[in-house]
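# Geometric and topological summary
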Amino acid sequence: MCPGESVPTADRGRRRFLSGTIAVIQGAIGATLAFLLGGAVVSPAFGRKRSTWWPAAALDDLPDNEPTPIAIRVTREDGYSQVVERQVVFLVKTGATDVTALSSTCTHLGCRVSWNADQQALKCPCHGGVFDRTGAVKAGPPPKPLARLATRVDGEQVLIEL
Amino acid sequence: MGPLRSFADWLDSRTGFRAGRSHLLDEQLPAGIGWWFVTGSILLLLLGVQLITGVVLAMYYVPSPEHAYDSVRFIADRLPLGRIVRGLHFFGASFIVIAAVIHMLRVVLFGSYKQPREVTWMTGVVLLLVILGFALTGYLLPWDQKAYWATTVTINIARSTPVFGEQVAGVMRGGADLGALTLLRWYAAHVFLLPAALIGFVVAHIYLMRRHGISGPIVEVPGEARPFYPYHAAKDTIAMAIVFALLLTFAVSFRVPLDSIADPSDATYVPRPEWYFLSLFQLLKYFPGPLEPVATIVIPGLVVGGLLLLPFLDRGAGRHPRQRRLVAAAFVLLGTGVVTLTYLGFKDSPTHADPSHWGVLALAGREFAQDQRCQTCHRIGGTANPIADTRVKRDIEWLRLHVTDPEIIAPGTRKPPPGGMTQSQGRAVASYMHKIRGGTMAPPIDGEHKTAILVYGRFCGNCHMIDGEGVKQGPDLTRAGEKRDAKWLREWISDPAAIDDLADMPAFNDRLTDEELTAIANYLAARK
């Protein structure tokens, strides 16, 4: 028997009203819980990554126009804790106070590139990706140039944003 | 016939869901069942809320003494909506205890436990114990002071079990001491064992309720039986909505307390259980020494045993309370006892220091930690994290030595800070680190107040205590202003020997400037 069958007609309206009330109230409770709990589950996925300016090197220490690997100790939030990571970036001094920072992560599959002074190129050891000193792809499978990081020169200090 | 209808028909032919739905919703209920019979549905809603909020909390909680506290702090302070989810779970626990007791009293009042519903009643009593089990295991999990010390008391109570006391306590601890293994097994009980028991017994309880039908009003009310849905379901739903709205209001308006992190070496902490265990806790006070098992085992055992066996002790056919005077009297006695003991327990509770209150030592520590000497290493891009971002996981002694005498911690790696640091300064920095781990912001201080606090942190704290921090060599200065005024204090601090030949305290007139002397004297004189 379906609910609603063999019920006197006078009672039908009351039944319909009560059913509607139940659906609305329970729907509201369910929606509130779904919003609160779903929000708590999903929100960390959309949290904006916080970036900080990290001191990287002294301007005078950088040779002109040659990518120099710099290791930076970066503290990053990891949920309830913090992790300390060593990140390597290439700094290229392109003018008296102009410095470009290139990520050392190959854009193909994420291996670490290194500077080959003989061939004047940044080379990836994994699948033979080759980049020039501006980060542009010269050979191999990488689909796009090396990522550039924002830099700033503060007096003698070169800062990069990570 | 729309496509939805034909899909439903197909699904019904394969699963028979319409018959199932009809079985669930169309039960005929006797006339005259009013609002008294909504208590079970309220419990069902609250238990459901606990289950799903618990699952979300489990996505962020880490059951280890190293991380538990920080992960709870993360949920409460940094996870969007986390504070409310934790609030629903925390206050939900109290709501369930209240709702379960009301549900039980309704059943007792209506005599619904009587034949043939004895087993339904007994599954209900087991469910009450499961709910209390949840409450007990749940509050160890945040690993704060309250969690640690209340659990210590719980385990000590278990030790008073006759004959097997030590063994029972050992199993509860999972080892010789309360620690990582304890936390893990209480966590496993809270999230695996008890939920399984809860779901099993709830299903059995509802199955049995349906098997025998609900007991209905005490005196039969003339009228036609009507289906559960939508007539009684509407009452259930309205009651659920009111309780849910109340719970949400609590979760949104009140902060769930979180003490400072558990410190096994802190002997000053006086533990208090949650309010629903307060009566048992209070009972313990009246049965000291060898009589303790009376409060821990005998009385609770008699109550639980009496509840379980109630349908067999009261076998009369009459359901009206007037026909069951003994049962009514027993429940009035039990209720009065629990309420009185809970009230006495509340009255006896010590006032706990507010964890967000910054003591003078911690405030001084903040000033010292901002010192250039610390920032040689503790800075962005330095060899160590900036101090405000550092989470110290070591004990306070280690931290003190790290600050005052790094040679002991790591010989050769770092020179002691130039100019040296007093023991009290080390303790002040340690106190500051402890506070920032608790996630509270320091109030701003300036002017003479700041000068006084720095003087206390550098010198006074080496021998004197304020608000329980410092060293207990000289007199406690918490209420220094009650006995002495600023003028006397200033003279005494400048040169104690000038006032009392036998004074142990050294003179400070050569170490403090006039301004510093005035500041510390005024500060102490104001402490009353």
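Reference entry: report on the structure contained in this document.

A side chain with one charge can pair with a side chain of the opposite charge if their charged atoms come near. All names here are of chain B. Here the structure, examined in full by the defined rule, presents 17 salt bridges over all chains. Note that Arg18 and Asp12 form a salt bridge whose closest N and O atoms lie 3.8 Å from each other. Accessibility expressed as a relative area gives 21% for Asp12, which makes it partly exposed. Between Glu367 and Lys450 there is a salt bridge, with its nearest N and O atoms 3.5 Å apart. Highlighted residues: Glu367 in helix α14 (residues 360-369) and Lys450 in helix α19 (residues 447-458), separated in sequence by 83 residues. Relative accessible area serves as the criterion here: at 29%, Lys450 is assigned to the partly exposed category. Taken together, the shared-partner salt bridges in this structure form one network comprising Asp9, Asp12 and Arg18.

Now for the pairing of strand β2 (residues 68-78) of chain A. Residues and elements named next belong to chain A. Here 11 bridges tie β2 to strand β3 (residues 81-93), and the two strands are oriented antiparallel to one another. Paired with Ala71 across the two strands is Val88, which belongs to β3. Taking the residues that link successive antiparallel strands as the turn, the β2-β3 hairpin has 2 residues, and the phi of Gly79 there is positive, at about 60°.

Looking now at the state of the cysteines. Within this structure, the stated rule accounts for 1 disulfide over all chains. This cysteine, A:Cys124, is not joined by any disulfide, and A:Cys106 carries the nearest cysteine sulfur, 3.8 Å off. Overall, the relative accessible area of 9% leaves A:Cys124 in the buried class. Among the cysteines around B:Cys460, which has no disulfide bond, B:Cys463 carries the closest sulfur, lying 9.1 Å off.

Our next topic: the packing of aromatic side chains. Tallying each qualifying case throughout the model produces 18 aromatic pairs over all chains. Ring geometry for B:Trp358 versus B:Tyr432: centroids 6.0 Å apart, planes at 50°, classification tilted. In this pair, B:Trp358 sits in the loop between α13 (325-348) and α14 while B:Tyr432 sits in helix α18 (residues 423-437), placing the two residues 74 residues apart along the sequence. Ring pairs connect the aromatic residues B:Phe90, B:Phe91, B:Phe95, B:Phe250 and B:Phe254, which therefore count as one cluster. Over the ring of A:Trp53 we find A:Arg152; its NZ or CZ atom is 4.7 Å from the centre of that ring. Geometry around B:Trp488 places B:Arg484 over its ring, the cationic atom sitting 4.0 Å from the centre.

What counts, and where the lines are drawn
Residues numbered from 1 in each chain as written. Chains lettered and ligands numbered in written order. Predicted model: local features only at pLDDT ≥ 70, side-chain atom pairs only at ≥ 80, totals over all residues. Heavy atoms only, no water. Salt bridge = Lys/Arg side-chain N within 4 Å of Asp/Glu carboxyl O. Buried < 20%, exposed > 50% of the residue type's maximum accessible area, 1.4 Å probe, protein only. Helix = DSSP H or I, 4+ residues; strand = E, 2+ residues; numbered from the N terminus. Pairing = 2+ DSSP bridges. Disulfide = S-S within 2.5 Å. Phe/Tyr/Trp six-rings, centres within 6.5 Å; stacked < 30°, edge-to-face > 60°. Lys NZ or Arg CZ within 6 Å of the ring centre and 35° of its normal.

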